[in-house]
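Structure assessment
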Amino acid sequence: MKVKDCMTRNVICVGEYESADVAARLMVRYNLGSLPVRRLDGSLSGMVTDRDIVLRCVAAEDDPAQT
């Protein structure tokens, strides 16, 4: 078996300029713990996890809508 045979084809992702609350809402809606972050050209910029949002935004007392 190859990776392409078991990967998800319809990937849920977030844009690199979206706020943390948008990412969190997508994670809740689709029951995900991480999301790929895409650039404007569609290429992969990185990954964001629920832990990233909690530690770097909520625990830091930043506004998720502005982060």
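Look above for the structure.
What counts, and at which threshold
- Residues numbered from 1 in each chain as written.
- Predicted model: local features only at pLDDT ≥ 70, side-chain atom pairs only at ≥ 80, totals over all residues.
- Heavy atoms only, no water.
- Pairing = 2+ DSSP bridges.
- Helix = DSSP H or I, 4+ residues; strand = E, 2+ residues; numbered from the N terminus.
- Buried < 20%, exposed > 50% of the residue type's maximum accessible area, 1.4 Å probe, protein only.

The three strands are arranged S1-S2-S3 in an open sheet whose pairing can be described as mixed. Sheet topology places strand S1 (14-15) and strand S3 (44-49) at the edges, where each strand pairs with a single neighbour. Taken together, the two bridges between S1 and strand S2 (residues 34-38) define a ladder with parallel strand orientation. By the bridge assignment for S2, Gly-15 is matched with Arg-38.

In the Ramachandran plot, Asn-31 falls in the positive-phi region, its phi being about 55° despite a non-glycine side chain. Within the secondary structure layout, Asn-31 lies in the loop between helix H2 (20-30) and S2. The exposure class assigned to Asn-31 is exposed, which follows from its relative accessible area of 72%. Non-glycine residue Glu-61 carries a positive phi angle of around 60°. Tracing the sequence through the fold places Glu-61 in the segment after helix H3 (50-58).

Quick look at the pairing of S2 now. Taken together, the five bridges between S2 and S3 define a ladder with antiparallel strand orientation. Considered in S3, the bridge of Val-37 is made with Gly-46. If you look at the hairpin formed by S2 and S3, you'll find five residues sitting between the two strands, and Gly-42 has a positive phi there, around 90°.

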